[in-house]
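The chain contents come next:
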Amino acid sequence: NAEYMGIKKAILNVVSADESYKGLEKLLPILKDKFGLIFTDQPVYELKPEIERNRRQGAANVGMTAPIDVIVPPGPTGMDPSQIHFFHALQIPTKIQKAQIEIVKDVHLCKKGRKITNSEAVLLQRLNLKPFQYGMEVLTVYDDGSILSNELVSLSPDDVLKKFQVGCSYITALSLELGIPTEASVVQNIFNGFKNLAAISVVSGYKFRQFSDQAAPAQAAPAKEAAPAKAAAPVKEEKP
């Protein structure tokens, strides 16, 4: 809270001193809970995977909220029979095998969103299990007065280009279907018009330069000779 109040006060001081930084006020509603600020001139779509890839294993602490479900697999625990009360408290089925406690089936020990109890934390510690991962996650990006969501900052220039191309193809298809020319469909409109003129030229015999230039190489190519028909087998006549 002290850190948040310090950053909040610093932002308000900057905004009051220079109106050109007024866009910084948009940061105030999202600066809550545990957060950090990263200042960079590197493209965010390149930096975001590097930040989120850096994660560490963490133990389960009493009172914390489990971020994921924790499943303890069956098998030997390395714990002697005198410590079986931990398993009884958690209603975990066990057996004694070779002078140690063994879990006989998968156990759903911690549920996502529920607080870790003392018995659960102690058991995980004694089993030497660190079920959670901790790291930073890029939630939002501030860029020149705009707040960009996590989905937007994950897009690379190639992703944006692909989405733009898909949008253009939809506009082109809709324009052609409605018969309303647009910048996206004008090339296809011209191509379709040329095909119609070429078809009329072939049927009517009327030539125009653009079509003649395109058709000349095809007409100059030698036509393939038809393969000779196979001679019919002679009919055999029988004399009476």
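Residues numbered from 1 in each chain as written. Predicted model: local features only at pLDDT ≥ 70, side-chain atom pairs only at ≥ 80, totals over all residues. Heavy atoms only, no water.

The helix and strand tally for the protein stands at eight helices and nine strands. Relative to its full complement of 240 residues, the protein shows a buried share of 21%. On the protein, roughly 18,500 Å² of surface is accessible, and the fraction owed to carbon and sulfur atoms is 57%. (Helix = DSSP H or I, 4+ residues; strand = E, 2+ residues; numbered from the N terminus. Buried < 20%, exposed > 50% of the residue type's maximum accessible area, 1.4 Å probe, protein only. Areas by Shrake-Rupley, 256 points an atom, 1.4 Å probe, with all protein chains shown as cover.)

On to the environment of Ile171. Within the fold, Ile171 resides in helix α6 (residues 157-178). The class for Ile171 is partly exposed, based on a relative accessible area of 46%. Sequence separation between Ile171 and Glu183 is 12 residues, and the spatial gap between their C-alpha atoms is 9.3 Å. Beyond its immediate chain neighbours, meaning those up to four positions away, Ile171 contacts Thr182 and Ala184. (Contact = heavy atoms within 4.5 Å.)

A word on helix α7 (residues 186-204). Given a rise of 1.5 Å per residue, 19 residues ought to cover 27 Å, and the 27 Å separating the end C-alpha atoms of α7 matches this to within 8%. Once α7 finishes, Gly205 follows within two positions and takes phi at roughly 85 degrees, a positive value. (Expected span 1.5 Å × (residues − 1).)

Once that is clear, we can look at the sheet that holds strand β5 (residues 100-103). Spatially, three strands are ordered β3-β5-β4 in an open sheet, and the strand pairing comes out antiparallel. Whereas interior strands pair on both sides, the edge strands pair on one side only; in this sheet they are β3 (75-76) and β4 (94-97). Examined bridge by bridge, β4 and β5 share four bridges and lie antiparallel to one another. Bridge assignment links Gln97 to a residue of β5, and that residue is Gln100. (Pairing = 2+ DSSP bridges.)

This part takes up the pattern of salt bridges. The tally for this structure, following the rule as stated, stands at two salt bridges. Here Lys48 ties to Glu52 by a salt bridge, and the two come within 3.2 Å at their closest N and O atoms. In this pair, Lys48 and Glu52 both sit in helix α2 (residues 44-53), four residues apart, roughly one turn of the helix. For Arg114, the salt bridge identified is with Glu120, shortest N-O distance 2.6 Å. Classification of Glu120 by relative accessible area gives buried; the value is 5%. (Salt bridge = Lys/Arg side-chain N within 4 Å of Asp/Glu carboxyl O.)

Here we take up a nonpolar patch on the surface. A cluster of nonpolar side chains, Leu174, Leu178 and Ile180, forms an exposed patch at the surface whose accessible area comes to about 310 Å². Secondary-structure assignment places Leu178 in helix α6. (Patch = residues over 30% accessible without salt bridge, like charges linked within 9 Å, V, L, I, M, F, W, Y side chains within 5 Å.)

Phe87 and Ile116 are the most contacted members of the largest nonpolar core, which has 21 residues in total. Secondary-structure elements contributing two or more residues to this core are β2 (70-72), α3 (85-89), β5, β6 (107-110) and α4 (118-126). Here this core takes four residues from α4, the largest share from any one element. Ignoring any residue separated from it by four or fewer positions in sequence, one finds Phe87 in contact with Thr77, Met79, Ile92, Thr94, Ile101, Ile103 and Leu123. In this structure, Leu47, Val138, Val141 and Val153 belong to the second largest nonpolar core, which totals five residues. (Core = buried A, V, L, I, M, F, W, Y, C linked by side-chain atoms within 4.5 Å.)

Of the volumes computed, that of the largest pocket is approximately 1,300 Å³. Together, 30 residues line the largest pocket, and Gly36, Leu37, Glu137, Leu139 and Thr140 are the ones closest to its centre. Looking at the lining of the largest pocket, the elements that each hand over two or more residues are α1 (2-17), α2, β7 (132-135) and β8 (141-143). No other element matches α2, which puts four residues into the lining of the largest pocket. Among the residues making up the lining of the largest pocket, the classes are represented as 19 nonpolar, four polar and seven charged. (1 Å grid on protein atoms, 1.4 Å probe; cavity = no way out; pocket = protein on both sides within 12 Å on 5 of 7 lines; lining within 4 Å. Points joined across faces, edges and corners; volume = space filled by probe spheres on them. Nonpolar A, V, L, I, M, F, W, Y, C, P; charged D, E, K, R; others polar.)

Here the focus is α4. Turning to α4, its buried residues are Glu120, Ala121, Val122, Leu123 and Leu124. Where α4 is buried, its residues contact β2, α3 and β6. Backbone geometry just after α4 places Asn128 at a positive phi near 60 degrees.

Once that is clear, we can look at unusual backbone geometry. Located in the positive-phi region is Lys98, a residue other than glycine, with phi close to 55 degrees. Note on Lys98: relative accessible area 76%, which makes it exposed. The phi torsion at Asn128 lies on the positive side, around 60 degrees, for a residue other than glycine. With respect to the helices, strands and loops of the structure, Asn128 is situated in the loop between α4 and β7.

Shape is all these values report; function is a separate question.
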